[in-house]
Amino acid sequence: MIRKISFLVIITGTIFTSCSDKSGKIHKRDTVAIDLDSIKARGKLIAATDFNSTNYFIYRGEPMGFQYELLEAFSDYLGVDIEIVTENHLNKAFDMLHTGKADLLAMSLTVGSSRKKEIRFTEGIS
């Protein structure tokens, strides 16, 4: 019986340790500030999104997806072209945003207090 309890404690501790979110730390970074005037002067909006079956994908040679359609409409509204960069690793996508390699992230992100300190969010889509 003691062996079973010890085994359960070890497994539970391993699960909690491996599932803990250590990415919640805010890293001080040198952030590049790009404003709307800079984007319009450049003539293109650079957006980072994740490549998957709903947000952004290529079907028969044509880009498609929920985030793609939103980005396309937004770039049309601004009167600029769009450049899409795919990045499935969230930390790398944040780095792209902070270093100016992307103007915005088009991803389905949860709005958390630590993320709100690091980036600005739009209004949610309902």
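For every chain, the first residue of the written sequence is number 1, and numbering continues from 1 along that sequence. Given that this is a predicted model, residues contribute local features only at a pLDDT of at least 70 and side-chain atom pairs are listed and counted only at 80 or more, while totals for whole chains, interfaces and linings are drawn from all residues. Hydrogen atoms and water are omitted, and side-chain values are computed over all heavy atoms in the structure.

Draft legend 1. Seen up close, the layout of surface pockets. Quantified by volume, the largest pocket comes out at close to 1200 Å³. Points on a 1 Å grid over protein atoms alone make up a cavity when a 1.4 Å probe fits among them but cannot get out, and a pocket when they form an open set with protein on both sides within 12 Å along at least five of seven lines; lining residues each have an atom within 4 Å of a point. Taken together, 34 residues make up the lining of the largest pocket; nearest its centre are Leu104, Leu105, Arg120, Phe121 and Thr122. Under the scheme used here, helices are H or I runs from DSSP no shorter than 4 residues and strands are E runs no shorter than 2 residues, and both carry numbers assigned from the N terminus. Residue assignment for the lining of the largest pocket shows that the elements contributing at least two residues are helix H2 (36–42), helix H3 (66–78), helix H4 (90–99) and strand S5 (104–106). Tallying contributions element by element places H3 first for the lining of the largest pocket, with 6 residues. Grid points are joined across faces, edges and corners, and a volume is the space filled by probe spheres set on the points.

Draft legend 2. Up close: the nonpolar core. Joining through side-chain atoms within 4.5 Å is the link that ties buried Ala, Val, Leu, Ile, Met, Phe, Trp, Tyr and Cys residues into a set, and such a set is a nonpolar core. Accessibility here uses a 1.4 Å probe with only protein chains present; expressed as a share of the type maximum, an area under 20% marks a residue as buried, one over 50% as exposed, and anything in between as partly exposed. Within the largest apolar cluster, 10 residues are counted, these being Ile46, Ala48, Ala93, Phe94, Met96, Leu97, Ala102, Leu105, Met107 and Ile119. Residue contributions to this core peak at 4 residues, all from H4. Setting aside its immediate chain neighbours within four residues, Ile46 contacts Glu83, Val85, Lys101, Ala102, Asp103 and Leu104. For this analysis, residues touch if any pair of their heavy atoms sits within 4.5 Å.

Draft legend 3. Broad picture of the side chain of His98. Summarising the element assignment, His98 is placed in helix H4. Separated by 3.2 Å, the side chains of His98 and Glu118 make a polar contact. Distance and chemistry together define a polar contact, namely a pair of N or O atoms within 3.5 Å, with one atom able to donate a hydrogen and the other to accept it when in protein, and with adjacent residues in sequence counting only for side-chain atoms on both sides.

Draft legend 4. Fine view of H3. The terminal C-alpha atoms of H3, which comprises 13 residues, lie 19 Å apart, in line with the 18 Å expected from a rise of 1.5 Å per residue. All of the buried residues along H3 are Gln67, Tyr68, Leu71, Ser75 and Leu78. Angularly, the buried residues of H3 cover 95° about the axis, an arc narrow enough to put them on a single face. In this structure, H3 carries Glu69, Asp76 and Tyr77 as exposed residues pointing more than 90 degrees from its buried face. Those residues of H3 that are buried lie in contact with H2, strand S1 (44–49), strand S3 (62–64), strand S4 (81–86) and S5. Here the expected length of a helix is defined as 1.5 Å per residue gap, with one fewer gap than residues. When we speak of the arc, we mean the arc of directions from the helix axis to the C-beta atoms.

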